[in-house]
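A structural walkthrough
Spelled out from the first residue to the last, the chains are:
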Amino acid sequence: MSQHRELKKVTTESLRLMKGKGRKIACLTAYDAIMAQLLDEAGIDLLLVGDSAGTVIQGLATTISVTLDQMLYHCKIVSRSVKRALVVVDLPFLSFQVSAEEALRNAGTLMKEAGAEAVKLEGGAVFSGVVKRLTDSGIPVMGHLGLTPQSIHSFGTYRVRGESEEEARRILEDARSLEEAGAFAIVLEKIPSALGKRITEAIEIPTIGIGAGPDCDGQILVTHDMLGLFTKFHPRFVRHYANMAEDMLHAFKSYADDVQKGRFPEEHESY
Ligand code: KIV
């Protein structure tokens, strides 16, 4: 029997089937070639080229100033590095809010020039017209509800969303309207587990949780967070699967010490 992981390409349709079978969907973010190759080889089902690139790659405080050109750059690299995972790219702030036509042009550019297989946009019912315009034009769309980082200045806080029944109901209605507009999946960020479960049961498309509890159809984390590489803050929903910041710091210090003390390179490392 082949030792190799099954290489059947993940599509929006396979995600729908996974939900039907109760097979949980594993998602992580990717921004560069080596990471994308490793994530794909590890069997991650969906790679999100997230606008979190603004924080974990560019060192910014928010995702708001991330540009379409930057998403094009990262997405091009990721999409050509992947064989199996579905590649979804974030529509950055102000690339889809102005009009459905502008959203279509920008999303289309991400597909044509950067190999994106789907786009993600933040927001609910107010963007259902945009979602419909994109999906009618053959562009698969993933929604994103709950704590939507592009709106952080409107929220004014990183607190859990949907704790009151009124806000929970609004998020549920947003999920229904994104589904009706044709979205193929919805990211649910930082909401109570009970609401994650309620939405997951109420809609037929997969829910992908990040701090939305165990009942979502899949989970996503920012890769730099789960690797323990981005350590500025540590939300409760991030599990560290490695301590890469510590490991890298140790490696860099050892290298500096070896060079400064003349221990590197040795004869077998020279010509
Ligand atoms: O930009 C991003 O990485 C995201 C995930 C946190 C879902 O939107």
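Above: the structure in question.
Everything numeric in this text was worked out from a predicted model, so none of it was measured.

1. Here we look at the overall build of the protein chain
Scanning the protein chain from N- to C-terminus turns up eleven helices and eight strands. Over its C-alpha trace the protein chain gives a radius of gyration of 20 Å, about what one expects of a compact globule, namely 18 Å for 271 residues. In terms of overall dimensions, the protein chain has a C-alpha envelope of 65 × 40 × 40 Å along the principal axes. For the protein chain, buried positions account for 48% of its 271 residues. At a minimum sequence separation of 6, the contacts of the protein chain that also span at least 24 residues come to 60%.

2. As for the site of the ligand
By nearness alone, every residue bordering the ligand is listed as T29, L48, G50, D51, S52, D90, K120, H144, I210 and V222. Within the contact set of the ligand, an oxygen atom lies 2.8 Å away from a side-chain nitrogen or oxygen of K120. Protein contacts shield 95% of the accessible area of the ligand, which totals 260 Å² for the unbound molecule. Applying the majority rule of atoms within 2 Å of the grid points places the ligand in the largest pocket. Of the residues assigned to the shell around the ligand, the class counts are three nonpolar, four polar and three charged.

3. Quick word on the pattern of salt bridges
For the structure on display, the rule yields 18 salt bridges. Its salt-bridge partner being K9, residue E117 comes within 3.1 Å of it at the nearest N-O pair. In this pair, E117 sits in the loop between helix 5 (100–114) and strand 4 (118–122) while K9 sits in the segment before helix 1 (12–21), placing the two residues 108 residues apart along the sequence. The class for E117 is partly exposed, based on a relative accessible area of 27%. Note on K9: relative accessible area 31%, which makes it partly exposed.

4. Section: the packing of aromatic side chains
Across all of its chains, the model carries three aromatic pairs by this definition. Seen in terms of ring centroids, F230 and F233 are 5.5 Å apart; in terms of plane orientation they differ by 80°. Their pairing is edge-to-face.

5. Focus on the nonpolar core
Grouped together as the largest cluster of nonpolar side chains are 72 residues, with contacts concentrated most on L47, L110, V119, L121, L134 and I199. Considering every element that reaches this core, the biggest residue donor is helix 8 (residues 165–181), with six residues. If we ignore the near neighbours within four places in the chain, the residues touching I199 are I171, L172, A175, L188, I191 and T207. Membership of the second largest hydrophobic core comes to five residues, among which are A53, V56, V222 and F230.

6. What to know about the layout of surface pockets
By volume, the largest pocket is sized at about 630 Å³. Along the wall of the largest pocket there are 28 residues; nearest its centre are P149, E189, V222, D225 and F237. Mapped onto the lining of the largest pocket, the elements with two or more residues apiece are helix 3 (53–56), strand 4 and strand 6 (185–189).

7. Remarks on helix 6 (residues 128–136)
Burial in helix 6 covers these residues: V130, V131 and L134. Along the axis of helix 6, the buried positions cluster into a sector of 100°, meaning they face one direction only. Lining the buried residues of helix 6 we find helix 5, strand 4, strand 5 (141–146) and helix 8. Positive backbone phi, at 90°, marks G138, one or two positions downstream of helix 6.

About the cut-offs
- Residues numbered from 1 in each chain as written.
- Predicted model: local features only at pLDDT ≥ 70, side-chain atom pairs only at ≥ 80, totals over all residues.
- Heavy atoms only, no water.
- Helix = DSSP H or I, 4+ residues; strand = E, 2+ residues; numbered from the N terminus.
- Rg over C-alpha atoms; globule rule 2.2 N^0.38 Å.
- Buried < 20%, exposed > 50% of the residue type's maximum accessible area, 1.4 Å probe, protein only.
- Contact = heavy atoms within 4.5 Å.
- Near = heavy atom within 4 Å.
- Polar contact = N/O pair within 3.5 Å; in protein donor to acceptor, adjacent residues only side chain to side chain.
- Areas by Shrake-Rupley, 256 points an atom, 1.4 Å probe, with all protein chains shown as cover.
- 1 Å grid on protein atoms, 1.4 Å probe; cavity = no way out; pocket = protein on both sides within 12 Å on 5 of 7 lines; lining within 4 Å.
- Sits in = over half its atoms within 2 Å of the grid points.
- Nonpolar A, V, L, I, M, F, W, Y, C, P; charged D, E, K, R; others polar.
- Salt bridge = Lys/Arg side-chain N within 4 Å of Asp/Glu carboxyl O.
- Phe/Tyr/Trp six-rings, centres within 6.5 Å; stacked < 30°, edge-to-face > 60°.
- Core = buried A, V, L, I, M, F, W, Y, C linked by side-chain atoms within 4.5 Å.
- Points joined across faces, edges and corners; volume = space filled by probe spheres on them.
- Arc of directions from axis to C-beta.

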